[in-house]
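Next come the chains, spelled out residue by residue.
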Amino acid sequence: MQALEPLSLPLSGRRLIEASAGTGKTYTISGLYLRLLLGDFERPGLSCEQILVVTFTNAATEELRDRIRKRIRSCYQRFIGLSVKDDFIDQLYQRCPPTQRATALKQLDLALKSLDEAAIFTIHGFCQRILSDMAFESALLFESEFTLDDSEYLRQSVRDFWRHVCYRLPTALATAIAAHYATPDALGRELRPLLGASQASANRDPGKFDQYAEQLQTQLARLRLSWPRERDATEALLHSLPLNGTSYGKQADGYPKLTAMLEQMDNWAKYHQGLPTPKLLDSLALGSLKLRKGGEIPTAQQAPLLAQIEALRDSVDSLIPAFLYQARAQIAERFAELKAERNLLSPDDLLLTLAKAIGGLTQTAPDSGLAIGEQLKQEIGKRFPVALIDEFQDTDPLQFAIFSGIYPAQLPQQDAGAEPEPKPEPEASRTLLMIGDPKQAIYAFRGADIYTYIEARRNTADHYNLDTNYRSASNMIAAVNRLFANHSDPFISDAIPFEPVKAKDAGSKQLLAPGADSAALQLRLLKEDPDKGLNKTQARKLLAEDAAAEIVRLLNAANRGECRLSGNEQPLRARDIAILVRDRN
């Protein structure tokens, strides 16, 4: 890992820049943008339309555009002879040969005038622009309509599947499905995260739903015939076992809970067309019998009826994964058909369509001899020879596949003896700069994918980090460094090491109060009652009371003029205090 020097970072190939919070990530991105505009010995200057900048929210896109605009304006002012308070820009100016400063000034002027056309997008905005501008190259229908909400078509797809599959099911199977998904909407809610751009795949194939359904019907018919014949012998066997009193009732009372279970099975075998309840099946399944300590479960030969119940329960348990597996495949297909009929693209479709166009098309373009996917990658690479991906830790596998396809880590190796293929534009001229915080890659709730980050890190030879924090107090930085340095593998992965950072603050950010501990990071332990312990409700109450008491103490001291932040003559105010909680409860 190398400390990043923005002025000397090679602007070529694929490079990963790791930036913790407060280390000047946006400042660095805007500085690299300036270098790309002005050019150097590595490559000529680029226009705003040639530098692709991708981030992950519309708000971040606008903020980034504004920050870049301000840096370009400051750089322009420096090149016309004005002084600016920006060391990076000063050094950039000094490095520019006097004979090239007039050209650089024109480049900066053009950038200021054309920044509204700059290629600064969200990932979905980038995909939409490519698919719109390169509809022919991406084999996409012209005039496709973009929609943010495709939920109507998902609902229709789920209902179509429900009518086609569920309405035809026998009562027993319908009962099993309804126990988990009573309505089409319930099934749709379960499947929604697995549709669209999701790259989730099953750990194993759960098998064919139709086969489990047929097997279940056979088992039910067999059990219905066997139950009257073997019921009394099975009851006698169960009474001879040391059954658990909590599950089956007390032995002295004749196991009353067991009696009730057997009566439920009697009623099911005589009257019902559906399934015994899951709880009943689990209580009477041979392998799940609850016995007192020392008891031994009979063999399947000794208790064939209970073995049948166990097999039935296992089939019911296997039925639902198989049903979901089939439902996902058929609903996804119908979902895509409905949108294709209307020529609609949702945000997920933008990602899927571009990823497929880049890596999944094999038709050949007659004028070049290259596969259409390869030709499309070349066209995008020519248009955007450099890409900067902000907040890279939020990239999912599909998004990384898109950028990795356009900006490959290395040239593919050609098999010996193979026919020479037409040479594409050298990928070496394409540059991918990925900027993110690996520690935030663990936040799956906001779309981050830690395994995508690890793969990208492993496939990138050059790693850099921003090693100075400009936001936090030096004591806080030291405390965090010390905390994480105490563990050899703090993120439980060798692929994500902890890199300590330095603090720009020289001790000016410090709380000055009577009795204040100088330690920036303090841990408080709640005291437990030795007899009753401490539950969550009590702990939350104590935490709230403790935090409120500390805030009151600090603000009262501030009112007396005894509490302030170092470097600030004003007393501490309520607005200077922030409270972070786990959730809204």
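Whatever comes next refers back to the structure up there.
Residues numbered from 1 in each chain as written. Predicted model: local features only at pLDDT ≥ 70, side-chain atom pairs only at ≥ 80, totals over all residues. Heavy atoms only, no water.

1. Side note on unusual backbone geometry
Stated precisely, the cut-off is as follows: Per the convention used, a helix needs a DSSP run of H or I reaching at least four residues, while a strand needs a run of E reaching at least two, with both numbered from the N terminus. Summary of the burial criterion: residues with accessible area below 20% of their type's maximum are buried, those above 50% are exposed, and those between are partly exposed, where the area comes from a 1.4 Å probe applied to protein chains only.
A positive phi angle is found at Tyr255, which is not glycine, with a value near 50 degrees. On the secondary structure map, Tyr255 appears in the loop between α10 (245–248) and α11 (256–271). On the basis of relative accessibility, which here comes to 1%, the residue Tyr255 falls in the buried class. If you check the backbone angles, Glu391 has positive phi at about 50 degrees while not being a glycine. By the secondary structure assignment, Glu391 is in the loop between β7 (386–389) and α16 (397–406). The exposure class assigned to Glu391 is partly exposed, which follows from its relative accessible area of 23%.

2. Considering the sheet that holds strand β3 (residues 51–55)
Our working definition: Should DSSP find at least two bridges between two strands, the strands are taken to pair. The contact rule is simple, with two residues in contact once any of their heavy atoms fall within 4.5 Å. Here the axes come from fitting lines to C-alpha atoms, over the contacting stretch only for helices, and the angles between their N-to-C directions go from 0 to 180 degrees.
Spatially, β1-β9-β2-β8-β7-β3-β4 is the arrangement adopted by the seven strands of the open sheet, whose pairing is parallel. Taken across any chain shown, the strands that pair with only one partner, and hence form the sheet edges, are β1 (2–3) and β4 (120–122). Relative to strand β9 (residues 462–466), strand β2 (residues 13–19) is paired through five bridges, and the arrangement is parallel. Within β9, the residue paired with Ala19 across the bridge is Leu466. Helix α2 (residues 58–79) rests against β3 and β4 of the sheet, and its axis sits at about 165 degrees to β4.

3. Points about helix α18 (residues 474–485)
Selection criterion: Multiplying one less than the number of residues by 1.5 Å gives the expected span of a helix.
Relative to the 16 Å expected for 12 residues at 1.5 Å per residue, α18 spans 16 Å between its end C-alpha atoms, a close match to the ideal helical length. Along α18, the positions that sit buried rather than exposed are Ile477, Ala479 and Asn481. Taken together, the buried residues of α18 touch β10 (468–469) and β11 (502–503).

4. A short note on the nonpolar core
As a reminder, the rule being used: Here, the term nonpolar core denotes a set of buried Ala, Val, Leu, Ile, Met, Phe, Trp, Tyr and Cys residues that are joined through side-chain atoms within 4.5 Å.
Formed by 56 residues in total, the largest nonpolar core has its most connected members in Leu187 and Ile331. If you list the elements that add at least two residues to this core, you get α6 (151–165), α7 (171–180), α8 (184–191), α9 (209–239), α11, α12 (278–284) and α13 (304–341). Among the elements that line this core, the one with the most residues is α13, at 14 residues. If near-sequence neighbours (up to four positions away) are discounted, Ile331 is found in contact with Leu154, Ser157, Val158, Phe161, Leu187, Leu191 and Leu195. Core analysis: the next-biggest nonpolar cluster, separate from the first, contains 40 residues, Leu9, Leu34, Val84 and Val386 among them.

5. Observations regarding the pairing of β9
In summary, the side chains of a regular strand alternate between the two faces of the sheet. Most of β9 sits inside the fold, with four of its five residues counted as buried. Here two bridges tie β1 to β9, and the two strands are oriented parallel to one another. If you follow Ala3 over to β9, its bridge partner there is Asn465.

6. What about α16?
We count it as follows: By the criterion applied in these results, polar contacts are pairs of N or O atoms within 3.5 Å in which, for protein atoms, one can donate a hydrogen and the other can accept it, and in which residues neighboring in sequence qualify only through two side-chain atoms.
The element α16 is largely enclosed, with a buried count of seven among its 10 residues. Here α16 has its buried residues at Leu398, Gln399, Phe400, Ile402, Phe403, Gly405 and Ile406. The opening residue of α16, the one whose side-chain oxygen lies 3.1 Å from the backbone nitrogen of Leu398, is Asp396.

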